[in-house]
Amino acid sequence: MTTSVRTRFAPSPTGPLHIGGVRTALYAYLFARKHGGEFLLRIEDTDRKRFVEGAEDYIVESLKWCGIQPDKPSARQSDDLAIYRREAERLVTEGNAYLAFDTPGELEAVRLEATAAGETFTYDHSTRMKLSNSLTLSADEVKNKVRSGDPCVVRLKVPAGQEIRFTDLVRQEVSVLSDRVDDKVLLKSDGMPTYHLAHVIDDHLSGITHVIRGEEWLPSAPAHVLLYRFLGWEDQMPEFAHLPLILKPDGKGKLSKRDGDRMGFPVFPIRWKDPQTSEKFEGFREAGYYPESFINMLALLGWNPGTDQEVFTMEELIGAFSVNHIHKAPARFDPDKARWFNAQWLQRRPDHDLAERLGATLEKKYGMDSFTPEFILGCVRLLKPRVQFEYEMPVTGSYLFEHPVHFDDKVLDKKWKAGFQPFFESLVGAFNKTETFNASSLEEVFRATAESHELKPGKVLQLLRVLVTGESGGVDLFPMLELFGKEKTLKRLANGLAYVSAKFVDHG
RNA sequence: GGCCCGUUCGUCUAGGGGUCUAGGACAUCUGCCUUUCACGCAGGAAACACGGGUUCGAUUCCCGUACGGGCUACCA
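In this report, the structure presented in the accompanying data block is examined. What you see is a predicted model, and the numbers here were worked out from it, not measured in a lab.

### Concerning the nonpolar core
Then, in step 1: In this structure, Leu26, Tyr27, Leu30, Ile68, Phe294 and Phe333 are the most contacted members of the largest nonpolar core, which totals 60 residues.
Then, in step 2: Breaking this core down by element, the ones donating at least two residues are helix H1 (19-34), strand E2 (38-43), helix H2 (55-66), strand E10 (239-243), helix H9 (291-299), helix H10 (314-320) and helix H11 (335-348).
Then, in step 3: The dominant element in this core, judged by the number of residues it contributes, is H1, at 10 residues.
Then, in step 4: Once you skip the residues sitting within four places of it in the chain, Phe333 turns out to touch Ile19, Ile246, Leu247, Pro249, Leu255, Phe265, Pro266, Phe284, Met297, Leu301 and Ala338.
Then, in step 5: Judged by nonpolar contacts, the second largest core, of 54 residues, contains Phe375, Val380, Val460 and Phe504.

If you want it as structure tokens, here you go:
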């Protein structure tokens, strides 16, 4: 029987998810879906000290916004601590782990000493026999310490001189000598398991077939292999895929929340407010990104489909995803490209969909029924190709919604010539007589009127725009006039002309 | 420091012993279109980190060096 694929995303609730974490979740999700398997969410809440209120909800909500839906309710490691203790005990009983009584203070002292001597202290096969643990203490001493409640941890007894091998889906064969694996703490003195113990047990018990996680876990992966072996599960050990990190756009190092602040882009999927400091961070959602473009951008950061396609729906990503197209080197996050992806998705959005939201925004700003749905839809069509985010539409297109009070004097001073006044007056008359008030006939009328005044259309075209909108640039001129309709166009034109004749009163 | 992992245009990347005059995308520049801005179209500039091998031949394989990153906690 073939085991079906099951992956998981296992964040700890210590703060907001950043884009590296989201990408890890995304790849795990895509991989599972691609193979018709399941994707699970597990909250790794075994660190009581670093627990942050609200982080779990944040993680769930972020994934939801991204469209990454787990197939089962999320599991929480703190829900079943007995099982970790039981397995830790078993490891001790079977001689693959041991009790260690060294206090943090004592270990710190040993470390300091080693550093002073120019060495690095590691709790491993080479040092454990000099320390205070169930390997060095007599059985009675150990029993007494345990009975009197001396704090102790359980450590993995890493055998010396063994070669540990495993296959990484991204990095192929990985082989490590056990001598450089330290005796990792499995169970902390507060009775909580560490990540190492807990995730191995949980992954095994929940039938995880592929562990997809960040590269920061690569160095401890050999210890995890050892754990599977000692626990007797090596033949069912999941496969590993260690993903490269995401680096900051400039300079060096991995992306952090400070970079976003510093350079003006989000690093979190959705808004995060730190419960301790009350610091607020904007997310991609608040910055106006569609979840589709966010996901699209993230998917292509460290992975490629092997084709030239760049715009992908989630379904398309699932179809195209493959671990052997994951890049080994870390990727740098590029805010420019992120914006480009959003623009791509915005262009693909149906007009009526955009119009609906633009309408809501306009309603808030200008009141109910200020504009007809047809007018708003027309604005969307004109505005759409020139924006990357929806929120830009009412801003860059404000002249569509407000009668101009300010006019671009720079253009007027430069281009307005004596004698243009009569031309524009004729134009008003001609527009007024135009039966079919549409872009093409308006343009025709405009050109004909210009010619009859012996003017090159180009000389006065931008002036027409300034008179109507106050702006030097903007959406396509004649389609815009068509959208305004005759009444509004003539009104705006008269308004603009009034401004100009007052402005140039001295030189006619 | 030690141990791991990595290194193709500014960025994301394709490719992988001869087809590489190294391909695409973002950004950038030029031109076309246009009154403008944007879109679009056409074009330009732009990369195999370095040094040794192996080979008839290396960007591609191996080894070093440099650089970058990760790990080095009773954090995940």
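After that view, the rundown keeps rolling.
### Considering the protein's contact with RNA strand B
Then, in step 1: The immediate surroundings of RNA strand B are formed by 59 residues, with Arg180, Lys188, Asn304, Glu310 and Arg386 found nearest.
Then, in step 2: The sugar-phosphate portion of RNA strand B accounts for 71% of its atoms within 4 Å of the protein, the bases making up the rest.
Then, in step 3: At a separation of 2.4 Å, a sugar or linking oxygen of RNA strand B approaches a polar side-chain atom of Arg180.
Then, in step 4: Within the side chain of Lys188, an N or O atom sits 2.7 Å from a phosphate oxygen of RNA strand B.
Then, in step 5: When contributions to the surface near RNA strand B are tallied by element, the ones reaching two or more residues are helix H4 (104-116), strand E5 (153-156), strand E14 (331-332), H11 and helix H19 (457-469).
Then, in step 6: Its residues placed into classes, the surface near RNA strand B shows 19 nonpolar, 15 polar and 25 charged.

### Describing the side chain of Arg349
Then, in step 1: As for its placement among the helices and strands, Arg349 is situated in the loop between H11 and helix H12 (351-366).
Then, in step 2: For Arg349, a relative accessible area of 19% gives the class buried.
Then, in step 3: Only 3.1 Å separates the side chain of Arg349 from the side chain of Asp353, close enough to count as a polar contact.
Then, in step 4: Ignoring sequence-local partners within four residues, the contact set of Arg349 consists of Tyr290, Glu292, Leu354, Arg357 and Lys384.

### Re the layout of surface pockets
Then, in step 1: Each pocket or cavity is described by its volume, and for the largest pocket that value is around 1,300 Å³.
Then, in step 2: Surrounding the largest pocket, 42 residues form its lining, Pro11, Ser12, Thr14, Arg50 and Glu216 being those nearest its centre.
Then, in step 3: Elements represented by at least two residues in the lining of the largest pocket include exactly strand E1 (6-9), H1 and strand E9 (210-214).
Then, in step 4: Here the lining of the largest pocket takes 4 residues from H1, the largest share from any one element.
Then, in step 5: For the lining of the largest pocket, the per-class residue count stands at 18 nonpolar, 12 polar and 12 charged.
Then, in step 6: Space inside the second largest pocket adds up to approximately 390 Å³.
Then, in step 7: What lines the second largest pocket is a set of 16 residues, among which Pro104, Val153, Arg155, Val185 and Lys188 lie closest to the centre.
Then, in step 8: Counting residues per element, the ones that place at least two in the lining of the second largest pocket are H4 and E5.
Then, in step 9: Of the residues contributing to the lining of the second largest pocket, the split by class is 8 nonpolar, 3 polar and 5 charged.

### Let's talk about the pairing of E9
Then, in step 1: Across the 5 residues of E9, 5 count as buried, placing the element largely inside the fold.
Then, in step 2: Two elements, E9 and E10, share 5 bridges in a ladder whose sense is parallel. Its bridge partner being in E10, Val211 is matched across the sheet by Phe240.
Then, in step 3: Regarding the hand of the β-α-β motif, the stretch spanning E9, helix H7 (residues 221-230) and E10 is right-handed.

Calculation criteria
- Counting restarts for each chain: residues are numbered from 1 in the order of the written sequence.
- Ligands are numbered from 1 and chains lettered from A, in the order in which they are written.
- Local features in this predicted model are restricted to residues whose pLDDT is 70 or higher, and side-chain atom pairs enter the listing and the counts only when it is 80 or higher, whereas totals over whole chains, interfaces and linings include all residues.
- As a convention, hydrogens and water are excluded, and side-chain values are obtained from all of the structure's heavy atoms.
- Residues belong to a common nonpolar core when they are buried Ala, Val, Leu, Ile, Met, Phe, Trp, Tyr or Cys residues joined through side-chain atoms within 4.5 Å.
- Each residue is assigned to one of three classes by its accessible area relative to the maximum for its type, calculated with a 1.4 Å probe on protein chains only: buried under 20%, partly exposed between the two thresholds, exposed over 50%.
- Each helix is a run of DSSP H or I of at least 4 residues and each strand a run of E of at least 2, with the numbering of both proceeding from the N terminus.
- When checking whether two residues touch, look at their non-hydrogen atoms; a contact exists if any pair is within 4.5 Å.
- In these notes, residues near a molecule or strand are those with any non-hydrogen atom within 4 Å of it.
- Pairs of N or O atoms within 3.5 Å make up the polar contacts considered here, provided that, within protein, one atom can donate a hydrogen while the other can accept it, and that residues adjacent in sequence are counted only when both atoms are side-chain atoms.
- Ten residue types, Ala, Val, Leu, Ile, Met, Phe, Trp, Tyr, Cys and Pro, are classed as nonpolar, four, Asp, Glu, Lys and Arg, as charged, and the remainder, Gly among them, as polar.
- Only protein atoms enter the 1 Å grid used here. Points where a 1.4 Å probe fits but cannot escape make up a cavity, open sets with protein on both sides within 12 Å along at least five of seven lines make up a pocket, and a residue lines them when an atom lies within 4 Å of a point.
- Grid points are joined across faces, edges and corners, and a volume is the space filled by probe spheres set on the points.
- Any two strands with at least two DSSP bridges between them are considered paired.
- When the strands point away from the viewer, a crossover counts as right-handed if the path from the first strand over the helix to the second runs clockwise.

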